[in-house]
Amino acid sequence: MTARGPARWWHECVTEAIRVTTVRRNVVIAAVAIVVALASPWAFLAAFGWLRGEGVPATSLEVVSLAQRNQTLALALMVALGLQAYLSDASDGMLAGALAVGGRRAVAGGKLLFGVLASVLLGVACAASAALASVVLGLPDPGFGAAATGQFWVVSTVSLVAALLLHYEFGLVVAMTTRSKGLAIAVGLMVPFVLLGLVRAGLQAVAPSSATLAGWVLPTELASTLLSWVPGGNTLVEAPADGLWPRSALLAGWLFAGAAAWLLVLRRRPLYPADQG
């Protein structure tokens, strides 16, 4: 990439950020999702602190991992941002102009860069909130040691950032391959948050071995397993203590595949009359 390339990507990234933050509806929706995401570890720790008195044992790390695994609003926000990154231009007839001015590579790269930065900022903020909550409302831990505890926070933070970016890329690809705005929104929100859950539950009921295989193949399941990881295993969810690094490598592969699909297809996608205003 030439020296001009990164600057063009950054320009398109800033343009996308301005487009998102200057629409009041977007700001309100994002604010609600972010507040819930930051408060989630506190709510989970407070609830399990009360449940300990009812005979439900749990450690801070187990509860935090469960809270991060259930960041549904944050993940849905990233899907919505991915959908909007493409649909906002295509549905308003501005896609052809954006691609003509910025160039297909710069537009695609800038929108992807926006998703990466948004995922990092939100993921780190959620991890910091969880770490603070574990100090203030901490539950007894069995004493994993500083190294294992530090590894947990690194895995938890990176896994959450990866999960957020995965859902953003999913939104990008769905919006790009689905010309109907309504259908894109329905697919983007129904598939990861409803359909895959039903498939997982069905496989677990009729074919447990297939459910185990799906846990290795489906990117959302990989992300959920990594988010549930705790040194020594998590007693609150069915999350294996082994296979951390192979699952991480597979999830990274899915992230690269999603980014490549977005960058390559948008560069070659034919423009339709509706895209040109």
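In this text, all values refer to a predicted model and were calculated from it rather than measured experimentally.

Thresholds applied
Residues numbered from 1 in each chain as written. Predicted model: local features only at pLDDT ≥ 70, side-chain atom pairs only at ≥ 80, totals over all residues. Heavy atoms only, no water. Helix = DSSP H or I, 4+ residues; strand = E, 2+ residues; numbered from the N terminus. Buried < 20%, exposed > 50% of the residue type's maximum accessible area, 1.4 Å probe, protein only. Contact = heavy atoms within 4.5 Å. Areas by Shrake-Rupley, 256 points an atom, 1.4 Å probe, with all protein chains shown as cover. Patch = residues over 30% accessible without salt bridge, like charges linked within 9 Å, V, L, I, M, F, W, Y side chains within 5 Å. Salt bridge = Lys/Arg side-chain N within 4 Å of Asp/Glu carboxyl O. Axes fitted to C-alpha atoms, helices over the stretch in contact; angles between N-to-C directions. Parallel < 35°, antiparallel > 145°, perpendicular 65-115°, else oblique. Left-handed = near helix turned anticlockwise from the far one by under 90°. Polar contact = N/O pair within 3.5 Å; in protein donor to acceptor, adjacent residues only side chain to side chain. Core = buried A, V, L, I, M, F, W, Y, C linked by side-chain atoms within 4.5 Å. Phe/Tyr/Trp six-rings, centres within 6.5 Å; stacked < 30°, edge-to-face > 60°. Lys NZ or Arg CZ within 6 Å of the ring centre and 35° of its normal. pLDDT = per-residue confidence, 0-100. 1 Å grid on protein atoms, 1.4 Å probe; cavity = no way out; pocket = protein on both sides within 12 Å on 5 of 7 lines; lining within 4 Å. Points joined across faces, edges and corners; volume = space filled by probe spheres on them. Nonpolar A, V, L, I, M, F, W, Y, C, P; charged D, E, K, R; others polar.

## A word on the overall build of the protein chain
Logical step 1: Scanning the protein chain for helices and strands turns up eleven helices and zero strands.
Logical step 2: Going through the 277 residues of the protein chain one by one, you find that 45% of them count as buried.
Logical step 3: In the protein chain, the share of contacts with a sequence separation of at least 24, taken over all contacts with a separation of at least 6, comes to 82%.
Logical step 4: Summed over all atoms, the accessible surface of the protein chain reaches about 13,300 Å², with 71% contributed by carbon and sulfur.

## A look at a nonpolar patch on the surface
Logical step 1: Judged by side-chain polarity, W10, V14, I18 and L117 come together as a nonpolar surface patch covering roughly 350 Å² of accessible area.
Logical step 2: Here the element with the most residues in the nonpolar patch is helix 1 (residues 4-21); it accounts for three residues.
Logical step 3: With respect to the secondary-structure elements, W10 resides in helix 1.

## Thoughts on the packing of helix 7 (residues 146-177) against helix 10 (residues 219-227)
Logical step 1: Where helix 7 meets helix 10, the closest approach of the two axes is 9 Å, and the angle between their N-to-C directions is 160 degrees. Judged by the inter-axis angle, helix 7 sits roughly antiparallel to helix 10. In this structure, helix 7 meets helix 10 at a crossing whose hand is left-handed. Across from V155, S156, S159, L160, A163, L166 and H167 in helix 7, the residues of helix 10 making contact are P219, T220, A223, L226 and L227.

## Points about the side chain of Q71
Logical step 1: Assignment of secondary structure puts Q71 in the loop between helix 3 (60-69) and helix 4 (72-91).
Logical step 2: Judged by relative accessible area, which is 3%, Q71 ranks as buried.
Logical step 3: Of the polar contacts made by the side chain of Q71, one reaches the backbone oxygen of A37; its length is 3.0 Å.
Logical step 4: Not counting chain neighbours up to four residues away, the residues in contact with Q71 comprise A37, S40, P41, C126 and L160.

## Observations regarding the nonpolar core
Logical step 1: Counting residues in hydrophobic clusters, the biggest one holds 60 residues, and the most contacted among them are Y86, Y168 and W262.
Logical step 2: Of all the secondary structure elements, the ones that give two or more residues to this core are helix 1, helix 2 (24-52), helix 3, helix 4, helix 6 (104-136), helix 7, helix 10 and helix 11 (244-268).
Logical step 3: If near-sequence neighbours (up to four positions away) are discounted, Y168 is found in contact with M78, V79, L81, G82, A85, K111, L112, F114 and G115.

## Some remarks on the packing of aromatic side chains
Logical step 1: Counted according to the given criterion, the structure contains three aromatic pairs.
Logical step 2: Taking the centre distance of 5.1 Å and the plane angle of 75 degrees together, the rings of F152 and W153 count as edge-to-face.
Logical step 3: Take W153: its relative accessible area is 18%, and that puts it in the buried class.
Logical step 4: Here R247 stacks its cationic end above the ring of W216, 3.9 Å away from the centre of that ring.

## Description of the environment of S156
Logical step 1: Within the element layout of this structure, S156 appears in helix 7.
Logical step 2: By relative accessible area, S156 is classed as buried at 3%.
Logical step 3: For the pair S156 and S228, spaced 72 residues apart in the sequence, the C-alpha separation amounts to 8.1 Å.
Logical step 4: Once residues within four sequence positions are removed from consideration, S156 is found in contact with Q68 and L227.

## Thoughts on the confidence of the model for the protein chain
Logical step 1: Mean pLDDT for the protein chain: 85, with 87% of residues reaching 70 or above.
Logical step 2: For the protein chain, the element scoring lowest by mean pLDDT is helix 5 (residues 95-102), at 63; helix 6 scores highest, at 94.

## Structural notes on the pattern of salt bridges
Logical step 1: Applying the stated rule across the entire model yields two salt bridges.
Logical step 2: Notably, a salt bridge pairs E16 with K111, separated by 2.7 Å at the nearest N-O pair. Of this pair, E16 sits in helix 1 while K111 sits in helix 6, placing them 95 residues apart in sequence.
Logical step 3: Bridged by salt links that share partners, the residues E16, R19 and K111 form one connected network.

## Describing the layout of surface pockets
Logical step 1: Each pocket or cavity is described by its volume, and for the largest pocket that value is around 580 Å³.
Logical step 2: Around the largest pocket, the lining is made up of 23 residues, and of these R25, N26, I29, A80 and Q84 lie nearest the centre.
Logical step 3: Where the lining of the largest pocket is concerned, the elements lending two or more residues are helix 1, helix 2, helix 4 and helix 8 (181-206).
Logical step 4: Top contributing element to the lining of the largest pocket by residue count: helix 4, with ten residues.
Logical step 5: For the lining of the largest pocket, the per-class residue count stands at 15 nonpolar, four polar and four charged.

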